[in-house]
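Residues per chain, in single letters:
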Amino acid sequence: MITAGLTIAAALLLAAGYAVAATTGLFVCAVLLTVLAVAGVRASLRKADPPREPAPAGRRPDFPGYDHLAAAVSWCSTSRHAWDCDMRPILVRLLRNRSDGRAALGDELWPLADPSLSRSGDRDAPGPTLKTLERILDRLEAAR
């Protein structure tokens, strides 16, 4: 019923606009109807939206380095360069106080954490997989 009434009112407004100013009046009334329709739809959508809760903070105050670690882990397998620049320094810090880092990781995994190696400039060579990183971390935990 409301839709029919609005449609008739819009038709009458367009006819009146045409009667008063011909094509220009028709155009002005059409623009006015469009603006009113958009405002009505926007108002009805605003009422339907539930109130939003504030977004949680991006950083956890109890672990401020989390973002850096998450980024390093997500990028480490993309290239050897990313591994050497992001993940290896973290592993070196984990091994800093250990004299048996090579023994803990073994000869197979030691080159991935060896602080004496220079960084690779090869951005095309794939980095070690996340499975390899998991093996390194498992060995470090087991060697505690």
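Every value quoted in this text rests on a predicted model; they were computed, and no experiment measured them.

Enquirer: Hey, could you run me through the overall build of the protein in this one?
Expert: In terms of regular secondary structure, the protein is built from 5 helices and 0 strands. From first element to last, N terminus to C terminus, the protein shows the α and β order α-α-α-α-α. Relative to the compact-globule value of 15 Å for 144 residues, the protein shows a C-alpha radius of gyration of 33 Å, a clear excess of over 25%. With respect to the three principal axes, the spread of C-alpha positions in the protein is 95 × 35 × 25 Å. Of all 144 residues assigned to the protein, the portion counted as buried reaches 22%.

Enquirer: Explain the UniProt feature "signal peptide" (unreviewed entry) in the protein here, please?
Expert: Annotation from UniProt places "signal peptide" (unreviewed entry) at residues 1-21. What you have in residues 1-21 is 95% helix and 0% strand, and the ends, taken at the C-alpha atoms, are 30 Å apart.

Enquirer: Looking at this structure, how should I read the nonpolar core?
Expert: Grouped burial of nonpolar side chains is what soluble globular proteins tend to show. With 15 residues, the main nonpolar core has W83, M87, L91, L95, L105, I136 and L140 as its most contacted residues. Put simply, the parts of the chain that give this core at least two residues each are α3 (80-95), α4 (101-109) and α5 (130-142). Of all the elements, α3 adds the most residues to this core, at 5 residues. Sequence-distant contacts of M87, defined by excluding residues within four places in its chain, comprise A72, V73, C76, A82 and L133.

Enquirer: Help me out: how do you make sense of the pattern of salt bridges in this one?
Expert: A side chain with one charge may pair with a side chain of the opposite charge, provided their charged atoms come close. As enumerated under the stated definition, the model contains 4 salt bridges in all. Two residues, R88 and D84, come together in a salt bridge whose shortest N-O distance is 3.0 Å. Of this pair, R88 and D84 both sit in helix α3, separated by 4 residues, roughly a single helical turn. One connected set of salt bridges, linked through shared partners, spans R80, D84 and R88.

Enquirer: Help me out: how do you make sense of the side chain of D84 in this one?
Expert: With a relative accessible area of 3%, D84 lands in the buried category. At 2.8 Å, the side chain of D84 and the backbone nitrogen of S120 are in polar contact.

Enquirer: Mind showing me how you'd approach unusual backbone geometry here?
Expert: Negative phi values dominate among residues other than glycine, just as trans dominates among peptide bonds. One non-glycine residue, A22, lies in positive phi territory at about 55 degrees. Looking at where A22 falls in the secondary structure, it is placed in helix α1 (residues 2-48). Given a relative accessible area of 37%, A22 falls into the partly exposed group.

Enquirer: Could you clarify how one ought to interpret the state of the cysteines in this entry?
Expert: Note on terminology: a disulfide is the covalent bond linking the sulfur atoms of two cysteines. The full count for this structure, using the stated rule, is 0 disulfides. With no disulfide of its own, C76 has C85 as its nearest cysteine by sulfur position, at a separation of 12 Å. Taking the relative accessible area as the measure of exposure, C76 reaches 0% and is therefore buried.

Enquirer: Just to check I follow, could you spell out the packing of α4 against α5 for this structure?
Expert: If you want to describe how two helices pack, look at the angle between their axes and the distance between the axes. Where α4 meets α5, the closest approach of the two axes is 9 Å, and the angle between their N-to-C directions is 155 degrees. Classed by the angle they form, the pair α4 and α5 counts as roughly antiparallel. Contacts from A104, L105, G106, E108 and L109 in α4 reach T132, R135, I136, R139 and L140 in α5. Its residues assigned to classes, the contact of α4 with α5 comprises 5 nonpolar, 2 polar and 3 charged.

Rules of the game
Residues numbered from 1 in each chain as written. Predicted model: local features only at pLDDT ≥ 70, side-chain atom pairs only at ≥ 80, totals over all residues. Heavy atoms only, no water. Helix = DSSP H or I, 4+ residues; strand = E, 2+ residues; numbered from the N terminus. Rg over C-alpha atoms; globule rule 2.2 N^0.38 Å. Buried < 20%, exposed > 50% of the residue type's maximum accessible area, 1.4 Å probe, protein only. UniProt positions renumbered as here; feature names shortened; annotations may be inferred. Core = buried A, V, L, I, M, F, W, Y, C linked by side-chain atoms within 4.5 Å. Contact = heavy atoms within 4.5 Å. Salt bridge = Lys/Arg side-chain N within 4 Å of Asp/Glu carboxyl O. Polar contact = N/O pair within 3.5 Å; in protein donor to acceptor, adjacent residues only side chain to side chain. Disulfide = S-S within 2.5 Å. Axes fitted to C-alpha atoms, helices over the stretch in contact; angles between N-to-C directions. Parallel < 35°, antiparallel > 145°, perpendicular 65-115°, else oblique. Nonpolar A, V, L, I, M, F, W, Y, C, P; charged D, E, K, R; others polar.

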